[in-house]
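Structural description and commentary
Next come the chains, spelled out residue by residue.
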Amino acid sequence: MSHRFSRVVMCLPMLAAAMHAGAATQGTPSSTSSTGSFVFTANAPATPRLVQVLNISDITVDNSSRALKGPSNVPGGTMSFCVVDTYVGTVGLSISSTNYTGANGWNVRASDGSRLEYDVLAETPSETTLGASSPSAASFAVSMGPSRVVGDSSQCSTGNIRLHLNLKATMPTSLPAKSYTDTVTLVATPQ
């Protein structure tokens, strides 16, 4: 067996080991330099970033209903809901009314076209104000940082956002005998 052939036979197990270990290559013995290389891979998370609005419920008020925050002399209601972000990052939340009427703001309407104006306040359970409705806009947006969202729906037991809806103080303190409605839409967007 030639000397050259024996070197090749001796190198085959090292070459097989290097191939088995992936793309990494081992350095060869040398009196001047030895170079090895490897591949560094960062795999994306198993699931993409997801946001979700949970625990939404309809709000129905009557003459004795009051929101947890707002005027004590007008009907209102409060809803606690949850915003989930699987990355626990910053999420934008847009809150909009179907019945926005310009200068008259947000309102609930009856089938005969009559309406009652109302205000909306978004806040955290610790009463940090996030945003409020304005007569000059059909929607308003709030930005919620990582401390305002949860990473998993199992953390949504009591909600991380509250909406207080109150009829305006200029409205009757007793509701007329009609059914008034509006649709409020919540849109969560990862930022």
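Presented here is an overview of the structure given in this document.

The rules behind these values
Residues numbered from 1 in each chain as written. Predicted model: local features only at pLDDT ≥ 70, side-chain atom pairs only at ≥ 80, totals over all residues. Heavy atoms only, no water. Helix = DSSP H or I, 4+ residues; strand = E, 2+ residues; numbered from the N terminus. Buried < 20%, exposed > 50% of the residue type's maximum accessible area, 1.4 Å probe, protein only. Contact = heavy atoms within 4.5 Å. Areas by Shrake-Rupley, 256 points an atom, 1.4 Å probe, with all protein chains shown as cover. Disulfide = S-S within 2.5 Å. Polar contact = N/O pair within 3.5 Å; in protein donor to acceptor, adjacent residues only side chain to side chain. Pairing = 2+ DSSP bridges. Axes fitted to C-alpha atoms, helices over the stretch in contact; angles between N-to-C directions. Core = buried A, V, L, I, M, F, W, Y, C linked by side-chain atoms within 4.5 Å.

A word on the overall build of the chain. Within the chain one finds one helix and nine strands. For the chain, the sequential pattern of α-helices and β-strands runs α-β-β-β-β-β-β-β-β-β. For the chain, buried positions account for 31% of its 191 residues. Within the chain, residue pairs in contact and separated by at least 24 positions form 70% of the contacts whose partners lie at least 6 positions apart. When the accessible surface of the chain is summed, it comes to about 11,700 Å², and 56% of that surface belongs to carbon and sulfur atoms.

The next point concerns the state of the cysteines. Per the counting criterion, the structure on display carries one disulfide. Each sulfur in the disulfide pair C82 and C156 lies 2.0 Å from the other. Across the disulfide from C82 to C156, rotation about the S-S bond amounts to roughly -65 degrees, and the bridge is consequently left-handed. Of the two residues, C82 sits in strand β2 (residues 76-85) while C156 sits in the loop between β7 (139-144) and β8 (161-167), which places them 74 residues apart along the sequence. Relative accessible area serves as the criterion here: at 4%, C156 is assigned to the buried category.

Summarising the element assignment, S154 is placed in the loop between β7 and β8. Taking the C-alpha atoms as reference points, S154 and V84, separated by 70 residues in sequence, lie 9.6 Å from one another. In this structure the side chain of S154 is engaged in a polar contact, spanning 2.5 Å, whose partner is the side chain of D152.

Moving on to the sheet that holds strand β3 (residues 91-97). Strand order in this open sheet of three strands is β7-β3-β9, and the pairing throughout is antiparallel. In this open sheet, the two edge strands, each paired with only one partner strand, are β7 and β9 (184-190). Here the strands of the sheet are splayed against their neighbours by 20 degrees on average, with no regard to which way each runs. In this structure, β3 lies alongside β9, joined through seven bridges in antiparallel fashion. Within β9, the residue paired with G92 across the bridge is T189.

What follows concerns the nonpolar core. Counting residues in each nonpolar core, the largest one holds 27 residues, and the members touching the most others are F81, V83, L93, I95, M144 and L163. Apart from the residues within four sequence positions on either side, F81 is in contact with V53, L54, N55, I56, L93, G159, N160, I161, L163 and L186. The next biggest cluster of nonpolar side chains, apart from the first, holds five residues, and it includes C82, V84, V150 and C156.

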